[in-house]
Amino acid sequence: MENPQDIFSSNGGCLIDIVIEKYLVESKESVSHVQLACSMQDCAFPLDGTELCIWNTEDPSHQLLILRGHHQPITAMAFGNKVNPLLICSASLDYVIMWNLEECREKVLQGLVPRGTVMGSLLGKVLCLQLSPDDHVVAVCAGNKIFMLDIETQAVQAKLHGHLGPVTAVEFCPWRAGILISVSEDRGFKVWDHCTGSLIYSSSVLSAYPLLSLFIDAESRQLVTGCADGQLWIFSLMDGHHYRRVARVDLRKKTETFSTRRVKSGLCSQPEESHLPSTSALGKGEQVEVTFPVLRLAPCDLSLIPNSACGCLSSENTQCVWIGSSVGLFVFNLANLEVEAALYYKDFQSLSILLAGSCALRNRTADRKALCLLASLFGGKIAVLEINPAALVRAQQCPSVGQSLSVPASFCVLPTSPLYLGIAKEKSTKAASQQRCAARNVMKDQRLVFHSKVRSSGYASAPHVTMFSPKTNIKSEGKGSSRRRSRCAWEAYPVECAVPTKPGPQVTAAPTCARVCCIQYSGDGQWLACGLANHLSLVFDASLTGTPAVFSGHDGAVNAVCWSQDRRWLLSAAQDGTLRVWSARGAELALLLLLKYHIDTCKDEIKRYKQKSKSKLICRLSMTGAVDMTSLSAVNDFYSHIVLTAGRNRTVEVFDLNAGCSAAVIAEAHSRPVHQICQNKGSSFTTQQPQAYNLFLTTAIGDGMRLWDLRTLRCERHFEGHPTRGYPCGIAFSPCGRFAACGAEDRHAYVYEMGSSTYSHRLAGHTDTVTGVAFNPSAPQLATATLDGKLQLFLTE
């Protein structure tokens, strides 16, 4: 088999067998736009119009089982879900027939003609068939009606009608008995109770093109629908979510991004041309514009494949779906909404079909392969392909970084590092060095696995390393400290707490309604700092009571505020191009990017205007390509050498300050430049598994929020249920690492759980766009900021 070198890589010096054409047959009549069917071992397709052919992949003789009974061309077929007996249903304009394959094969061996059971007749042109999970009912989609036929009695159990166009696909809900979902050419989907024949939910028009396919993922409780124009619409089927939309995906753009990333990572030698075939594919010498329809959606279970076989893609953490299109097959990740692998028919010279008109897919658990049944868009060719998903994914995964990246420092600061400050304070540095080297006893990092909550994969036997210890000896600072604040500081953060959704106090940060650009809590959770567009920085009590402290001096909007670890200093950055360090008593000092500084804390009323604080430029690092930097993030709550940056060219770059250089670049991190990077810093009031601190979030206007793992440089999940089309809204991690919050333009704040792509809570009560969010590190509280200058506090119930 020939694989193009610039499309599929070689691992270990050997080219990988991605796909093999196992069987090829040609029908006298075209099978394009006919529903084909695959089971674990069998493939079903019509031959010469009226004959139903079954090809068994395990039969060494490759003999076809031909079933005759239809007098009109067969338009749809579907296998049952039980193995014994294995049923298959076929439909044409004249009959809907149910066949028992075991009985049919026995009759053929006896020299008899196999016969099926007629379930219905003259129902109309059937475009789709689907058997229920228990094989008791078959859904027959004829025109704009769905007939529910009882397999045992051959009676019409119910007739569902409500679509305005022909029904193109239907699926039974695997976890709710009696629920059926259908899509049609009227560009919407409907949810039915087929036992009573009642309509439960009807969606609005989703697309300008007909919906052709659908798939229900039982693990993520999501509905995926595919359109004729290559659009994917994903909806949540969780209780209480009311079929809300999770994402809309343009498959054509996703494949282009996938190709671009592979080129920039060096996996491809040159940019790939468009994979939409024209003359070369058709062989007619004419340019033909080909669409990108989603012909079929099927589960792609990578959990059957060992992690080592999938490269850096964690199969345990992956919920994928096969997408069958006219030009190729794609492995699509439902968690991060990205294409993980692409197989274009025209890239394999041994394949007979380059443009498909029909497609069926099925995973095989025995050999971890996948069966693909294709029918040519033009002509009567029908081919059976055997695909190796592990080889396909591994061949197209971007190479991992040469060194093992980790946010928690695993090595002491090198003498050549910009972070190295000498040995003037040998005693203190010796103790600090021991703390920095404490992480050496941790097992080798592995990928995280997200289920209902964040947890790791393969760490059960690892020694527990406490990154943070709950503070139990914090003393109240200041005469105005309340008993409530002191009690809160004494208590550890409740890891299993609920999301703060109860509206609390609301204050106006500025009387002129100046927008709040950023907010951040101090490390002890007692103070909330915010930067305003009117050049001011304010510090509120965490309860938003009392008069805030005002810090003035910038000549532009304050875009970022940051607390020192000891909470004595506040750092602010503004559009005037300056950084300023403020003390709690109002002393200030302007600083530049990465500086070695000394802040004078002595008080001298006579020489109060003489500035003794000083700074020195230590190191200057530029992003690859010298692009403008749009965001920066670094952890100051524990020892870390990693700095994350985002550029105008939509990349995210990782700098290792211990080595003083760039360590990795993530190309095409978003469809637009990233405006904020947020790392999982945890809190000194709670602990997480050490591997969890390698997670970070990025966000961009119009492209939602993405969760990344630094060790693999992969996007693990994509959150895009909140509207951010024009304003750069802020994001935040919860101290426990279980939730992520973000602002939105619809006057709401959204909270996501790490194990779900759709939001869990939508917080109302705001009067304008929510520009920033921040979790209190010491208590389950969430603060939000708005475009009209207001701060809102949310508490737990």
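Here the structure is a predicted model, which is why all the values come from computation and not from measurement.

Rules behind the numbers
By convention here, each chain's residues receive numbers from 1 onward along its written sequence. With the structure being a predicted model, the display of local features is reserved for residues of pLDDT at least 70 and the display and counting of side-chain atom pairs for 80 or more, all residues being used for whole-chain, interface and lining totals. Side-chain measures were taken over the full set of non-hydrogen atoms in the model, leaving aside hydrogen atoms and water. Put simply, a nonpolar core is a bunch of buried Ala, Val, Leu, Ile, Met, Phe, Trp, Tyr and Cys residues held in one set by side-chain atoms that sit within 4.5 Å of each other. Buried, partly exposed and exposed residues are distinguished by accessible area as a fraction of the type maximum, computed with a 1.4 Å probe on protein chains only: under 20%, between the cut-offs, and over 50%, respectively. In what follows, residue pairs with any heavy atoms lying within 4.5 Å of each other are defined as contacts. Runs of E in the DSSP output that reach at least two residues are strands. Runs of H or I that reach at least four are helices, and both are numbered from the N terminus. Within 3.5 Å is the distance limit for a polar contact, defined as a pair of N or O atoms, with the added protein rule that one can donate a hydrogen and the other accept it, and that residues adjacent in sequence qualify only through two side-chain atoms. At least two DSSP bridges between two strands are needed for those strands to be called paired. Lines are fitted to the C-alpha atoms to define the axes, a helix being fitted only along its stretch in contact, and any angle between axes, read from their N-to-C directions, falls within 0 to 180 degrees. Note: pLDDT gives the predictor's confidence per residue, expressed from 0 to 100. Here, a salt bridge means any side-chain nitrogen of Lys or Arg that lies within 4 Å of a carboxyl oxygen of Asp or Glu. Under the pairing criterion, centres of Phe, Tyr and Trp rings, with the six-membered ring standing for Trp, must be within 6.5 Å; the plane angle then separates stacked pairs below 30 degrees from edge-to-face pairs above 60, leaving the rest tilted. Whether a charge sits over a ring depends on NZ of Lys or CZ of Arg being within 6 Å of the ring centre and within 35 degrees of the ring normal.

Engineer: Looking at this structure, I do not really get the nonpolar core. What am I missing?
Structural biologist: The nonpolar side chains of a soluble globular protein tend to be buried with one another. Counting residues in each nonpolar core, the largest one holds 32 residues, and the members touching the most others are F45, L52 and L373. Residues within four places of F45 in sequence aside, it is in contact with Y23, V25, L36, E51, L52, C53, W55, L64, M77, L373 and I382.

Engineer: Explain the side chain of T255 here, please?
Structural biologist: With respect to the element layout, T255 can be found in helix α2 (residues 251-264). You can call T255 buried: its relative accessible area is 5%. Discounting residues that sit within four places of it in the chain, T255 has contacts with F292, F330, V339 and Y344.

Engineer: Would you explain the side chain of E653 in this entry?
Structural biologist: Among the structural elements, E653 can be located in strand β44 (residues 652-656). In terms of polar contacts, E653 uses its side chain to reach the side chain of S662, at 2.6 Å.

Engineer: When you look at the sheet that holds strand β10 (residues 126-131) in this model, what are you seeing that I'm missing?
Structural biologist: Whether parallel or antiparallel, the strands of a sheet pair through hydrogen bonds between backbone atoms. If you walk across this open sheet you meet the 4 strands as β10-β11-β12-β13, and the pairing is antiparallel. Each end of this open sheet is capped by a strand with a single partner; those strands are β10 and β13 (156-161). Averaged over all pairs of adjacent strands, the angle between their axes in this sheet comes to 15°, without regard to strand direction. Pairing of strand β11 (residues 137-142) with strand β12 (residues 145-150), which is carried by 6 bridges, proceeds in the antiparallel orientation. In the sheet register, V137 faces β12, and the bridge partner there is D150.

Engineer: How do you make sense of the confidence of the model for the chain when you look at a structure like this?
Structural biologist: Fine structural detail should not be taken from predicted coordinates in areas where pLDDT scores are low. Of all residues in the chain, 80% have pLDDT values of 70 or greater, and the mean over the chain is 83. Counted against residues more than four places away or in other chains, residues 269-290, with its pLDDT under 50, gives 39 contacts. Within the model, the stretch residues 589-593 combines pLDDT values under 50 with 14 contacts to residues more than four positions away or in other chains.

Engineer: How should I be thinking about the pairing of strand β3 (residues 42-47) in this particular structure?
Structural biologist: With 6 of 6 residues buried, β3 is to be regarded as a mostly interior element. The alternating pattern of β3 places D42, A44 and P46 and C43, F45 and L47 on opposite faces, both of which are buried. Inspection of the sheet shows strand β2 (residues 37-38) paired to β3 by 2 bridges, in the antiparallel sense. Paired with C38 across the strands is C43, a residue of β3. Examined bridge by bridge, β3 and strand β4 (residues 51-56) share 6 bridges and lie antiparallel to one another. Looking at the pairing, P46 lines up with L52 of β4. With antiparallel pairing between neighbouring strands as the criterion, β3 and β4 make up a hairpin whose turn holds 3 residues, including D48 at a positive phi of roughly 55°.

Engineer: Is there a simple way to think about the pairing of strand β32 (residues 516-521) in this case?
Structural biologist: On any regular strand, side chains alternate: one points to one face of the sheet, the next to the other face. The buried fraction of β32 is high, at 5 of 6 residues. Alignment of β32 against strand β33 (residues 527-532), held across 5 bridges, turns out to be antiparallel. Looking across to β33, one finds that Y521 is bridged to L528. Turn length for the β32-β33 hairpin, with the two strands adjacent in sequence and antiparallel, is 5 residues, and the turn residue G525 shows positive phi of about 75°.

Engineer: Help me understand the pattern of salt bridges, please; the structure alone is not making it clear to me.
Structural biologist: Side chains bearing opposite charge may pair, as long as their charged atoms lie close to each other. The tally for this structure, following the rule as stated, stands at 15 salt bridges. Between E338 and R706 there is a salt bridge whose closest N-O contact spans 2.6 Å. A residue pair is termed long-range when its members are at least 10 positions apart, and E338 in strand β25 (residues 338-344) and R706 in strand β48 (residues 705-709) qualify at 368 residues. The network of salt bridges with common partners includes K254, R261, E338, D703 and R706.

Engineer: Honestly, the packing of aromatic side chains in this entry has me stumped. Any pointers?
Structural biologist: Remark: the centre distance and the inter-plane angle together describe each pair of aromatic rings, the angle taken between the planes. Using the criterion set out here, one finds 12 aromatic pairs in the structure. Look at Y750 and Y759: their rings are 4.9 Å apart centre to centre, the planes differ by 80°, and that puts the pair in the edge-to-face class. Residue class for Y750 comes out buried when judged on its relative accessible area of 3%. Among the aromatic residues, those joined into a cluster by ring pairs are F189, Y201, F235 and Y243. For the cation-ring pair, R244 lies above Y759, with the distance from its terminal atom to the ring centre recorded as 3.7 Å.

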